[in-house]
Amino acid sequence: MRHSGCAQRREHRLTTSVRERHARLLAESRSAEPRARLAQASTRAEFLLRLSRTVSAIQNPQRALETLVSVLLEEMVDVAQVVVRTGQWQLVAGAVQDGPVHNTATRVVDGTPADLENALRRGLHDDVVLPKSGAPRRRALAAFLPDPELAAEVDALGCEQLAVLPLTARGRSFGVMVIGRAPGFGFGDAQNFLDDLAARVAVGLDATLVVAESRYVASVLRRSLAPTELPQVPGLQLATYYRVAHQSQELGGDFLDVHGPDDDLILLCGDVAGKGVEAAVHAKRIRNAVRTASHVDRSPGWILGLTNSVLVDEAEEFSEGMATGVCARLRPDGDRLRVDLANAGHPPALLLRADGTLEEVSTDGVALALLDGATYTEAQLTLGPLDSLLVYTDGVTEARGVDDLFGDRRLRDVLRGLGGLPPSALIESVAVAVSDHLGERAHDDIAIFAAQFSPEPS
Amino acid sequence: MTVSTATVAGAELDAYWTAVAAGDARAAYAVAAATHDRGVPLPEVLAGLVIAAQRRVGELWAANDWTVAREHAATAVGEAVVRRLGAAVPTPTTGPLLTVACVEREWHALPAMVVALTLRARGCQVTYLGASTSRDHLVSAILDIGPRAVLLSASLTSSLPRVRRQVEAVRGTGTPVVLGGRALDPDGRRAQRLGATAYARSPEVVLDVLAALPVHVPPAGPLRHPGAFEARSIEAESDTISRDVMLATGAALGLEHADGDHTSDDWRVVLATFVPHVIDCVAGALLTEDPTVYAETRAWLGGVLAGRGATPQALAVVEEALAQRLHDHPEAVRLIAGA
């Protein structure tokens with residue numbers, strides 16, 4: 001009952017504007033009138049152009065399929081399903097007129113209905129006449145429409161025929177488009193037009209899939225190279241700001257890492273020469289070296305010394321290996337935080353006291369990977385409640401404005417008066433000022449880190 | 001009383017406000033969590049406590065009752081509360097994919113965080129990209145996620161030119177874009193002029209707005225009115241315009257010998273910070289063909305300067321310098337003169 005009611009309502013709607021739009025593209029041009037044929041040819045050409053543009057603009061596979069289905073339903077047919085394979089995945093989107101879009105992603109190994117599989121393998125255009133009713137009809141539908149809800153909707157629509165169009169690009173068939181119309185309407189002499197349509201769609205989707213596959217590879221690498229999430233340590237508030245020079249690569253040579261047990265954390269903030277993915281790879285190696293070293297000894301000076309030796313040894317392989325960094329050991333002690341800090345050629349860490357006093361943490365040390373046997377001295381500090389430790393990379397002070405660089409003075413001006421604020425507010429204040437100073441200009445990688453210790457009163 | 005109609009009580013807002021004013025994130029979270037536990041739905045807690053308090057924070061700063069530092073501290077409290085409330089909300093694995101971001105150089109993250117959390121609480125799969133999201137980052141996220149729609153938040157009218165550029169970027173990917181935030185007018189006219197697919201007045205109406213969105217949208221057509229051309233030219237050299245206007249203003253008000261050791265709450269520092277915003281607002285008003293964009297900013301900045309004891313003619317001097325500098329932009333000159 002429900003189905004027939006739906007079908008009637010749909011039939012009613014289809015008699016109006018949708019029907020007219022579909023007719024513009026698919027009506028049989030039986031009339032020998034050359035002007036009518038010409039008009040249809042130009043309508044079709046315009047539609048194909050618009051469709052190609054739409055499909056290629058959307059470089060996300062699932063969205064592209066969904067959009068394709070909705071455009072086909074709007075302008076041409078009453079049933080549309082698109083299936084593509086990419087890597088180990090099979091993506092399907094399908095809908096009937098006025099119905100929801102059914103979207104699925106399954107693994108290819110999980111199986112595909114046999115007829116659909118054949119169509120994928122053969123890559124040939126096929127017209128399927130559906131049995132009128134009963135089990136044979138349901139079987140025929142299920143053979144091409146893997147989503148049972150979609151198959152039921154197509155059944156209810158009373159669709160009599162399906163056109164199965166292969167999607168082929170670069171000599172391989174990677175997908176299938178299945179379309180159908182309401183009862184009483186077929187595809188007539190539109191065969192060439194449909195082949196043309198499938199070819200255009202295939203080229204657009206193929207490009208989208210290629211982009212998506214390489215983006216996927218890149219995103220896996222990006223996840224392994226990007227700064228890891230900060231640990232949650234009771235009483236310790238950590239905040240970071242990170243902005244890379246090459247925004248579209250989303251990777252840079254500035255690095256931040258915090259690891260270790262809650263009561264004995266190692267912080268590393270640094271900057272390798274260069275930008276983009278190459279710099280990120282090198283940064284990852286340095287982070288790994290520091291992590292390894294910190295398992296042996298947690299003194300920051302010793303850690304930087306060992307990391308330096310490793311990098312110097314490898315310097316021949318990695319000619320652009322130069323890097324700077326601050327390494328600190330953070331240990332809560334009652335309501336205070338004890339900090340041991342060493343610096344390898346990096347801008348000095350800042351200590352913003354709760355009362356607004358700003359101190360520079362002075363320790364000496366050459367940049368990493370320059371000098372064999374370099375040693376790093378340590379500074380010892382104690383942070384009281386609401387005191388903040390700030391570490392930043394030179395992307396902050398060297399941010400180029402309309403007349404000059406951001407500089408140490410502006411950094412101090414920003415921090416003045418912000419003593420006692422939570423780290424997230426400190427970081428944001430600096431980030432806003434740097435961003436305003438930069439405007440739309442290109443910039444280096446920028447990283448800022450702040451820590452504050454204020455344990456829960458027990 | 002049913003659970004779903006429970007609203008924030010006056011005493012709860014008072015207690016929350018006391019915690020925010022003290023910069024006490026733990027106390028603020030305790031109030032918000034208790035309100036939620038009492039049966040007030042999360043979206044209502046967010047709107048009735050977090051957003052309500054944040055509006056008051058902005059007003060107190062504008063009136064110079066609060067320092068920048070205090071405003072920052074209170075804002076950090078609001079963000080911490082939203083994050084902690086969010087940690088208890090499960091991440092849906094079905095439901096529409098949505099991407100929420102703040103426009104580039106827009107640092108008021110709280111409204112977008114609230115929208116993101118409200119939608120997550122209502123079963124949407126939301127990716128929140130954070131404050132000041134660059135166009136490149138946004139487009140990358142769209143390609144990777146394939147969201148049903150992108151929601152862009154803008155709180156400052158000076159962000160409108162950047163809103164337009166991000167609308168172009170998003171629509172270039174065929175994705176519907178919904179605008180929200182105080183930079184837009186309640187009737188959604190500015191959003192429409194900027195090419196948005198839709199406008200959402202508040203986090204609560206976003207779901208209804210989403211239901212009516214098309215699956216895909218065509219690229220944004222170019223804006224061709226005379227003001228649009230001028231806006232583009234002003235944006236392209238906004239740095240130098242702003243420097244020239246500041247120099248002229250400084251000379252006229254005798255500020256050039258000021259030694260720069262002013263705190264961030266001094267009116268001279270505030271003026272220098274907001275001149276670039278005024279210029280962006282001129283561009284925004286021209287882009288949206290909405291002179292109230294400029295008039296609102298002017299009124300707001302006038303109040304902020306007066307609250308900080310600025311020379312009464314300071315704003316007039318800035319406007320004169322700006323009109324002078326933009327003399328070859330007739331639409332801009334008319335806009336400034338008409339305000």
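Scroll up a little and you will see the structure.
So, here's what we can say about the structure. (Residues numbered from 1 in each chain as written. Chains lettered and ligands numbered in written order. Predicted model: local features only at pLDDT ≥ 70, side-chain atom pairs only at ≥ 80, totals over all residues.)

1. A word on the sheet that holds strand β3 (residues 149-153) of chain B
Adjacent strands of a sheet form backbone hydrogen bonds with each other and so pair up, either parallel or antiparallel.
And then number 1: Strand order in the open sheet formed by five strands is β2-β1-β3-β4-β5 (chain B), with parallel pairing between adjacent strands. Unpaired on one side and paired on the other, β2 (125-128) and β5 (198-199) of chain B mark the two borders of the sheet. (Pairing = 2+ DSSP bridges. Helix = DSSP H or I, 4+ residues; strand = E, 2+ residues; numbered from the N terminus.)

2. What about the nonpolar core?
And then number 1: Core analysis: the biggest nonpolar cluster contains 173 residues, and Val430 and Ile448 of chain A together with Val100, Leu179 and Val282 of chain B have the highest contact counts within it.
And then number 2: Per element, the largest residue contribution to this core is 11 residues, and it comes from helix α12 (residues 267-288) of chain B.
And then number 3: Setting aside anything within four residues of it in sequence, one finds Val430 of chain A in contact with Val396, Leu411, Val414 and Ile448 of chain A.
And then number 4: Ile58, Leu72, Leu91 and Ala198 of chain A belong to the second-largest nonpolar core, a separate cluster that totals 53 residues. (Core = buried A, V, L, I, M, F, W, Y, C linked by C-beta atoms within 7 Å. Buried ≥ 20, exposed ≤ 12 C-beta atoms within 10 Å, placed from the backbone. Contact = placed C-beta atoms within 7 Å.)

3. Things to note about the interface of chain B and chain A
And then number 1: Of the residues lining the interface, 29 residues belong to chain B; the matching set on chain A comes to 29 residues.
And then number 2: Elements with a contribution of two residues or more to the side of chain B that touches chain A: α4 (68-87), α6 (135-145) and α11 (238-253) of chain B.
And then number 3: Considering only residue class, the side of chain B that touches chain A consists of nine nonpolar, 14 polar and six charged. (Nonpolar A, V, L, I, M, F, W, Y, C, P; charged D, E, K, R; others polar.)

4. Some remarks on the environment of Val40 of chain B
Residue and element names in this part refer to chain B.
And then number 1: For Val40, the position within the fold is in the loop between α2 (25-37) and α3 (42-62).
And then number 2: Under the C-beta neighbour-count criterion, Val40 is labelled buried, with 22 such atoms within 10 Å.
And then number 3: Each C-alpha atom, one on Val40 and one on Ala6, is 4.9 Å from the other, the two residues being 34 residues apart in sequence.
And then number 4: Non-local contacts of Val40, meaning those with residues more than four positions away in its chain, are made with Ala6, Thr7, Val8, Thr35 and Val45.

5. Here we look at the packing of helix α13 (residues 423-438) of chain A against α4 of chain B
And then number 1: Interaxial distance between α13 of chain A and α4 of chain B falls to 8 Å at its minimum, and their mutual angle equals 115°. The interaxial crossing formed by α13 of chain A with α4 of chain B has right-handed handedness. Between α13 of chain A, through Ser424, Ala425 and Ser429 of chain A, and α4 of chain B, the contact on the second element is made entirely by His72, Ala73, Thr75, Ala76 and Glu79 of chain B.
And then number 2: Among the residues forming the contact of α13 of chain A with α4 of chain B, the class breakdown is three nonpolar, four polar and one charged. (Axes fitted to C-alpha atoms, helices over the stretch in contact; angles between N-to-C directions. Left-handed = near helix turned anticlockwise from the far one by under 90°.)

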